[in-house]
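Notes for the structure review
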Amino acid sequence: MLTNAYRVIVFSLLVTSISACSSRINRVINKLDITLIDSTSHSAQSVSVQMTKAHDKYLGFVAGEGKTTEVYAINSQGKLEFLQQYQITNKFGGIRALTHVKTDDLDLLLLGNKADNALETYRITEDGALKKLAAVYDSDSTFIDEIVTIHSVTINNRTFVYAGGLDKGLSCFELSSDGNLQHIQSIEDQESLFLHGIIGMSSMLIEEQYFLITGAFFDGGISCFQVSENGRLQNVSNVKDDQTLFLNGTFPVNSVQIGQQNFLLVGHRHNLHYSTADAEQQYHGDGVNVFTIDSQGQIALHSLLSDTEDLKLKGSTRIEIIKLDDNNALVFIGTRDDQGIQICSLKQDGTLHPIKAIDLGYPIYNGMAIEKINNIWYLMTGAYDKNRLELYSIIYD
């Protein structure tokens, strides 16, 4: 284990408290400490990382451009212990979308086997080992070719798994208690939808109704679907990129409820960063969009955070959120092209207020996760180009 112990990055900040009616909670964050607890080498370029509690252990899962997935134990001090490496595929193509799902009987790890165009389920044993249970391969009736994204929604004790990727559509499966997957529905991309190249997905429960939101990298836009009790989807609204929005190369999607508002945060990695022909003609900067979603699933632009020389928003690939209370959240935006993390606060006004930027010195290509362990929040990052896995503690007051 390579350890770079207790490197501390201290951010001292004063945030103006929210002035509102007595039902609101006024909060001032006086100090935010981001401390590197542990660092280790990973076998491949990291793309997907996941932290979760399974049984009585906290575990980290890491995968990327290689053929394997690695499992780490995380102790109460945030130290990483390598447990096992598992070969998922025999060919190049990568592993994506590491997702923990808990059923009545099992702790499961779902993953996207991008190399073999398959959605796979594994049982997580009490000692952290992975046991393969099932796999669904792409077919003429599904859209999981080059799968990179998985999102689960549980309704009335039924768990539905939504999967997409570089294919032109979205597929839904029901996850049984024993880890098997049954195909429920697939929706093909069309001009009015944004389903080609789904890299980000999120869901929200609004007035007892679930909604699923997809972000399409190739389409440059987002779609919102109402989720029925049987897991089937009905499209209710869509937003396409324009010269105001930052949806060209739509990438990370996440959501949070603050006060009475339902906020949807969407980032992007513009085609300019891929040296795409004529991309510069459409380039109007990098940034993050903040939308609201109402009880009918209608999406409306609320605010924008535009990149500047002082921020790190170029090529945003991951958005993680810590909800501090009903009225305040911290937002972590991982970037590939700025090779760092932009931290913002989000309050009831729905505006991202930059707090501090972290220079990691390596690109994040979707490899970032946040988890609370023994009342302390931890940030895990995977370096895309340096095969490094790092774990930071997040302390605030």
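Residues numbered from 1 in each chain as written. Predicted model: local features only at pLDDT ≥ 70, side-chain atom pairs only at ≥ 80, totals over all residues. Heavy atoms only, no water.

Some words on the overall build of the chain
Formally: Here a strand is any run of E in DSSP of at least two residues, a helix any run of H or I of at least four, and the numbering for each starts at the N terminus. Two things to know: the radius of gyration comes from C-alpha atoms, and the globule rule equals 2.2 Å times the number of residues to the power 0.38. Buried, partly exposed and exposed residues are distinguished by accessible area as a fraction of the type maximum, computed with a 1.4 Å probe on protein chains only: under 20%, between the cut-offs, and over 50%, respectively.
Along its length, the chain carries one helix and 29 strands. The globule rule puts the C-alpha radius of gyration for 397 residues at 21 Å, and the 20 Å found for the chain is close to it. Reported as C-alpha extents along the three principal axes, the dimensions of the chain are approximately 50 × 50 × 50 Å. Each of the 397 residues in the chain was classed as buried or not, and the buried ones make up 59%.

Observations concerning the pattern of salt bridges
Keep this limit in mind: Every case where a carboxyl oxygen of Asp or Glu lies within 4 Å of a side-chain nitrogen of Lys or Arg is listed as a salt bridge.
Per the stated rule, a full pass over the model turns up 12 salt bridges. Its salt-bridge partner being Glu65, residue Arg96 comes within 3.1 Å of it at the nearest N-O pair. Pair noted here: Arg96 is in strand S7 (residues 95-102) and Glu65 is in the loop between strand S4 (57-64) and strand S5 (68-74), with a separation of 31 residues, a long-range link. Taken individually, Arg96 and Glu65 each receive the classification buried, so the pair is uniform in this respect. Ionic pairing is found between Glu174 and Arg158, a salt bridge with its closest N-O pair at 2.8 Å. A residue pair is termed long-range when its members are at least 10 positions apart, and Glu174 in strand S13 (residues 169-175) and Arg158 in strand S12 (residues 158-165) qualify at 16 residues.

Overview of unusual backbone geometry
Of note in this structure, Glu146 is not a glycine but carries a positive phi near 55 degrees. By the secondary structure assignment, Glu146 is in the loop between strand S10 (130-137) and strand S11 (147-155). One non-glycine residue with positive phi stands out, namely Gln339, at about 50 degrees. What makes Gln339 partly exposed here is its relative accessible area of 29%.

Here's the deal with the nonpolar core
We count it as follows: Residues enter a nonpolar core if they are buried and are Ala, Val, Leu, Ile, Met, Phe, Trp, Tyr or Cys, with the set joined through side-chain atoms within 4.5 Å.
If you look at the biggest cluster of nonpolar residues, it comprises 22 residues, and the most contacted ones within it are Ile34, Ile322, Leu330, Phe332, Ile341, Ile343 and Ile394. Elements with a contribution of two residues or more to this core: strand S2 (31-41), strand S23 (316-325), strand S24 (328-335), strand S25 (340-347), strand S26 (352-359), strand S27 (368-373), strand S28 (376-382) and strand S29 (388-396). Among the elements that line this core, the one with the most residues is S2, at three residues. Judged by nonpolar contacts, the second largest core, of 17 residues, contains Val256, Val288, Val331 and Leu346.

Looking at the sheet that holds S5
Going by this rule: DSSP bridges decide pairing: two strands pair if at least two such bridges lie between them. Here an axis means a line fitted to C-alpha atoms, over the contact stretch when the element is a helix, while the angle between two N-to-C directions is reported on a 0 to 180 degree scale.
Pairing is antiparallel in the open sheet, where four strands are placed in the order S3-S4-S5-S6. With one partner strand each, in any of the chains shown, strand S3 (46-54) and strand S6 (80-87) form the two edges of the open sheet. Taking each pair of neighbouring strands and ignoring which way they run, the sheet shows an average axis angle of 20 degrees. Pairing analysis gives eight bridges linking S3 to S4, with the strands arranged antiparallel.

Digging into the pairing of S23
Counting buried residues along S23, eight of its 10 residues qualify, which places the element largely inside the surrounding structure. Judged from the eight bridges that link them, S23 and S24 form a sheet pairing that is antiparallel. Its bridge partner being in S24, Glu320 is matched across the sheet by Phe332. Counting the residues in the hairpin turn of S23 and S24 gives two residues.

Comments concerning the side chain of Ser393
In plain terms, the rule: Any two residues having at least one pair of non-hydrogen atoms within 4.5 Å are treated as being in contact.
With respect to the secondary-structure elements, Ser393 resides in strand S29. Overall, the relative accessible area of 8% leaves Ser393 in the buried class. Apart from the residues within four sequence positions on either side, Ser393 is in contact with Asp33, Ile34, Thr35, Ile37, Ile376, Trp377 and Tyr378.

Structural notes on the layout of surface pockets
Selection rule: The rule is simple: put a 1 Å grid over the protein atoms alone, call a set of points where a 1.4 Å probe fits but cannot get out a cavity, call an open set with protein on both sides within 12 Å along at least five of seven lines a pocket, and count a residue as lining if it has an atom within 4 Å of a point. Grid points are joined across faces, edges and corners, and a volume is the space filled by probe spheres set on the points.
There is about 980 Å³ of room inside the largest pocket. Taken together, 35 residues make up the lining of the largest pocket; nearest its centre are Gln50, His151, Asn254, Arg318 and Glu320. Counting only elements with at least two residues in the lining of the largest pocket, the list comes to S3, S7, S11, strand S15 (198-206), strand S19 (250-258), S23 and S27. For the lining of the largest pocket, the leading source of residues is S23, giving seven residues. Roughly 240 Å³ of internal volume is contained in the second largest pocket.

Section: the sheet that holds strand S14 (residues 181-188)
Strands sit in the order S11-S12-S13-S14 across an open sheet of four strands; the sheet is antiparallel. The two strands at the open ends of the sheet, each matched to only one other strand, are S11 and S14. Looking at each pair of strands side by side, their axes are set apart by 20 degrees on average, direction ignored. Direction of pairing for S12 relative to S13: antiparallel, over a ladder of five bridges. Looking at the pairing, Thr159 lines up with Leu175 of S13.

Topic: the state of the cysteines
Applied cut-off: Put simply, a disulfide is two cysteine sulfurs that come within 2.5 Å.
In this structure the tally under the stated criterion is zero disulfides. Among the cysteines around Cys172, which has no disulfide bond, Cys224 carries the closest sulfur, lying 15 Å off. By relative accessible area, which is 1% here, Cys172 ends up buried.

Quick notes on the packing of aromatic side chains
Keep this limit in mind: Ring geometry is summarised as follows: Phe, Tyr and Trp rings, the Trp one being its six-membered ring, pair when their centres sit within 6.5 Å, and such pairs are stacked at plane angles under 30 degrees, edge-to-face over 60 and tilted between the two.
For the structure on display, the rule yields six aromatic pairs. Each ring, one from Phe217 and one from Phe218, has its centre 5.2 Å from the other, and the planes form 80 degrees; the classification is edge-to-face. By relative accessible area, Phe218 is classed as partly exposed at 45%. Aromatic rings pair up to connect Phe217, Phe218, Phe251, Tyr274, Tyr365 and Tyr384 into one cluster.

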